[in-house]
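Structural overview for review
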Amino acid sequence: MPLSSVLRDQWIRAKYERREFTGESDHPQREYDSDILESILWKKGKDKKAFLKRTFQLSRKEFTLRYFVREDSKVPKAVIYMKDLNVAFQPEKIGHNHGLQIFYLQGEHTRNLFVYHESGKDATERGAIFIGTENHSYSVTGFSPGKRGPSRWNWGITMRTPVREFIFLCEHEQDQQEWLEALREVISRPMTRQDYATRYIKQRITEVPYRAEEITIPADVIPERVPTLIVDYSEAEQTDEQLFQEISKANVICIVYSVSDKRSIEKVTSYWIPLITVHTDKYNRVPLILVGNKSDLPGNCSMETSLAIMNQHRDIETCVECSAKNLKNISELFFYAQKAVLHPSGPLYCPKKKYMTSLCVQALTRIFKVSDLDNDGILNDDQLNSFQRTCFNSPLSPKALDDMKNVVRRNIRDAVLGDGLTLKGFLFLNMLFIQRGRHETTWTILRRFGYEDDLGLHRDYLLPELKVPPDATTELNHDAYLFLQGIFDKHDKDHDSALSPEELKDLFSVFPYIPWGPDVSNTVCTNDRGWITYQGYLSQWTLTAYLDVDGCLESLGYLGYSILFAQESQAAGITVTRDKKIDIKKRQTQRSVFLCNVFGDFQSGKSGFLQAFLGRNLRSQRKIPKEHRSDYAISTTYVYGQEKYLLLHKMFPGDCDLSDAYPACDIVCLLYDVGNPFSFKYCAKVYQQYLDSKTPCMIIATKSDLPVVRQLYSCTPMEFCRKHKMPPPQFFSCNTVTPRRQAIYTKLVTVAMYPYVSQAKWNNFCLCASVGAAVLAVLGFALHRVLVKPWCSSAGLLSGHRSL
Ligand SMILES: Nc1nc2c(ncn2[C@@H]2O[C@H](COP(=O)(O)OP(=O)(O)OP(=O)(O)O)[C@@H](O)[C@H]2O)c(=O)[nH]1
C-alpha cells in the first residue's frame, strides 16, 4: 500500500470507523481514561541518520508532551507544552509510513523531532470535545430508548456545539441522567479566560478537525484513470467566498445531511441547492449527490424524502444513505461521486418518465443506424460483433450474444428479428444498462461514437485539426471515396444507382440537419427523375471536400467514417494537395479536382454552360425553378484515362471582387453571347483588369445556335485571342435537341492540368487527351465500381476495405 494511502486510510478509520473524535465511538479511548498516554516512538538521532527508541508521554493534565532517552529514566529529555507544539504527518520526509514531524517553539527557535511509530494505528491523532456555555450555542439533551430500537445502549445524549452535534450512548438510564447533569453544569458555567485558551489549544491539537484535509484518490485506482480530489468545507473555518469558490471549481458536490435530523434535510432544499444553483454555471450543471449520513441511527428522514427531492431536482444524480460510523456505503459514496462526473445519468435518463432522455434516444438511434451496415433495420451477429469490437475492443462470445438477445426478447416485443437486434431492442438494452446503474456501458458506447457529456458530438470528433496551406487544395482520398460509396450502396435500396428523396433523407437521418439543399440537384448529375446519381453523389462530396473541408469533415463524422474505418479522425479521409506552384514546376499533378471560374456579362449563358456540363440542354434547364439554381456544377471527365473532377463556378458580374475569386482557380472561361453585340466587351474588360498570362484562359462564344452579330469592341474576339496568345473562341450552344456532354469540358480540364503547354498547341493537345481518354474512361469507371463493391458486404466494413 503506498505511504499516502496508509495515512489516508488511518485518518478515515480514525474519523469514521473508530469515531475517535466524535464521542460516538464504541472503541475504548484510552486517552480519556488515563491522564497519561505513553508510547514508544523511534526518534531520529542528532547525527540525522539512525532512529533511536524513545519513550514519549502525553499528559492530559499538564498539557505536555515529554520524552525519555531510557525506559527507566525519571528525568525527561524534553518537556514540550502543547500550546507550543504542532504535528504533521511526514511519511516521505521521515522515510517511514507512520512518520511524524513534531515541531515546537523553544525560546525563539523552532525545534523539530522526527519520529515514527511502528504501527500506523497508534500514530493517529486522538480527539476531545470542548464544552462551552449555553450563550455560546452549546447545549445538551437526552433521548430515550423508544426512538432507537432494540439495543443495549439505548440511552442517548445529544451534545450540540456551534460546529457540530455529538451523540453519546449510555447503557442505563441512570448513567444518562448523571452525564446530562454533569454536562449541563459545565454548560451553565460562564467561560473563563483559561477556558477560551483551552478551547483553542484543544481544538488545534486534539479535537476533530473542522475540515478534513484535501484527499487525492490517485488516477490508477479507477479504470477511467482520472484522479479524484475530495475537498471538505467547514463553515467554522472558511468564509462564504471560499465556499463559493470551491463550489464553482467542483465537478460533483455531495450534500450531506443527517438522517436523524429533519432540519438538516430541510436545509438541502432551502439552503444548499439554491446556493449551489447560484454559484454554478446554469448551462453546465454540476451533478449533486444527496448523502444521508448516520444511517446507523434511527432516521427521521426516510429514503422517500430524499427520493422526492431527487425527483424535483434533475441535478441530483443519486441519493445514498451511509454511515460514517460503521463505514457503510462510504466507498460507494465516493464511487457514485466519481461516476456522477464520469458517467452522469442526467443526460441519459429521465427518472420522472422512467425512460431515456430524447437526446439519448437520438444519439443511440444514430449509433444504431451507423452500425447497421446493410441498413436492414437489424444488427445481425456480424454487425453486433464489430460494434462490440469498436466499443469494447473484443467481440461477444456466441453464448453472450444469445443471452443478450434472450433478455431483450423476454422483455419486449419486436426487439429481436431473425438473428438480430432491432432499434427497439438496442434502445431497450441500453435502458436496461442505465436502469441497473451501469451508465458507464452506455457512456462507453456514446463516447466511442463521438459524444460528449451534453450528448452533442465532440468538436474534435467533427472538426479535427487539418492544416491547409494557402496554395493547396483539399480532396477526398481513396479511403473516403470507398466509405462514401458504401454509404450510397447502403441507402440505394432499389439499386437504381440514384438516391430518391426518401433514400437521401434516410442517408441524412444520422445528421442533425440536411446538409444538401435543393440546389444540389442542379450542381451534380441526376437521373431523368431528378434524383442524384451515384456519380452525382460522389461529385457533391468532392465539391464539399474542395470548397468546405470543415463541412466535409463534419459530415464524415456524422456518417461515422473514423469509427467504421478505424481511423484516428475524419481528417484521415482528406488529402491536402501540394502547392500548385510545385505541380507547375515539376510539370505533373496528382490533383483530381480542378476549379474553373466562369465569367460573362448578364444573360451571356453562364448557367447554360454549367448545366450543359451536367448533360442538360436548354429545354431541361428551363424547368429549373429559380430558387433551385446553383452557381456550381461538378462532374467528372477523363483526361488521358484519368478520372478528374471539373468544378465550374459561375461568377456574377459586378457583385463580387473578381480579384478575390480569380487566384484560386485553375482555369478561367470568359463567355460572350454571339447574338449580343455588347457581350464581348465585358470579357475583354475582365481579362485586362483581372487576369494575368499565368492562368490559362479560354473564350467561349455562347448561344452559337443563334445568328452571330458583330461585337461592338475595338477588335473582334478572334483578334483579341490572337493578340493575347489565346486559342480562338470556342463556339458553344446548349440549345441542342438531345442533352449531350460536349468536348469543351475535357479541354478545360486538360488545359488546367497542363497549364505550361503552349496555348498555340492547345487544340491538338486537348484532342489527344480526350480521344485517348474516351476508351479508358468507360473502363476506369467500371473498374472503380468493381473495386469498391466489397465494401458493404455483410462481412463488415473493415474486412471489405482491407481485402482491397
Ligand atoms: N438560344 C440559346 N439560348 C440560350 C443558350 N444558353 C442560354 N440561353 C438563354 O439565354 C438566357 C440567359 O441564359 P443564362 O444561362 O441564364 O445566362 P446567365 O449568364 O447565367 O444569366 P445571368 O445569371 O442573368 O447573368 C436564358 O434565357 C437562356 O434560355 C443557348 O445556348 N442558346
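Our subject is the structure listed above.
Now for a look at the structure at hand. (Residues numbered from 1 in each chain as written. Predicted model: local features only at pLDDT ≥ 70, side-chain atom pairs only at ≥ 80, totals over all residues. Heavy atoms only, no water.)

A separate point is the site of the ligand. Close contacts around the ligand come from 17 residues, with Gln603, Lys606, Gly608, Lys650 and Asp705 the closest. Within the side chain of Lys606, a nitrogen or oxygen atom sits 2.8 Å from an oxygen atom of the ligand. Taken together, the elements giving at least two residues each to the shell around the ligand come down to helix 22 (606-613) and helix 23 (618-622). A class-by-class count of the residues in the shell around the ligand yields four nonpolar, seven polar and six charged. (Near = heavy atom within 4 Å. Polar contact = N/O pair within 3.5 Å; in protein donor to acceptor, adjacent residues only side chain to side chain. Helix = DSSP H or I, 4+ residues; strand = E, 2+ residues; numbered from the N terminus. Nonpolar A, V, L, I, M, F, W, Y, C, P; charged D, E, K, R; others polar.)

The subject of this paragraph is the packing of aromatic side chains. To describe a pair of aromatic rings, you give the distance between the ring centres and the angle between the ring planes. Under the definition given, this model contains 32 aromatic pairs. Judged by centre distance (6.3 Å) and plane angle (15°), the ring pair of Trp42 and Tyr116 falls under stacked. You can see Trp42 sitting in strand 1 (residues 36-44) and its partner Tyr116 sitting in strand 7 (residues 109-116), a full 74 residues away along the chain. Aromatic side chains Tyr713 and Phe720 sit 6.3 Å apart centroid to centroid with 70° between the ring planes, which places their arrangement in the edge-to-face category. Grouping aromatic residues by their ring pairs yields a cluster made of Phe488, Phe508, Phe511, Tyr513, Trp516, Tyr534, Tyr537, Trp541 and Tyr558. One Lys or Arg, Lys267, reaches over the ring of Tyr271 and ends 5.1 Å from the middle of that ring. (Phe/Tyr/Trp six-rings, centres within 6.5 Å; stacked < 30°, edge-to-face > 60°. Lys NZ or Arg CZ within 6 Å of the ring centre and 35° of its normal.)

Formed by 100 residues in total, the largest nonpolar core has its most connected members in Tyr537 and Leu670. The element that contributes the greatest number of residues to this core is helix 13 (residues 423-435), accounting for eight residues. Sequence-distant contacts of Tyr537, defined by excluding residues within four places in its chain, comprise Leu484, Ile487, Phe488, Leu499, Leu507, Trp516 and Ile532. Formed by 30 residues, the second largest nonpolar core is a distinct cluster that contains Leu614, Leu646, Ile667 and Cys669. (Core = buried A, V, L, I, M, F, W, Y, C linked by side-chain atoms within 4.5 Å. Buried < 20%, exposed > 50% of the residue type's maximum accessible area, 1.4 Å probe, protein only. Contact = heavy atoms within 4.5 Å.)

On to the environment of Gly425. On the secondary structure map, Gly425 appears in helix 13. You can call Gly425 buried: its relative accessible area is 0%. Along the sequence, Gly425 and Leu379 sit 46 residues apart, while their C-alpha atoms lie 9.7 Å from each other. Sequence-distant contacts of Gly425, defined by excluding residues within four places in its chain, comprise Val408 and Ala415.

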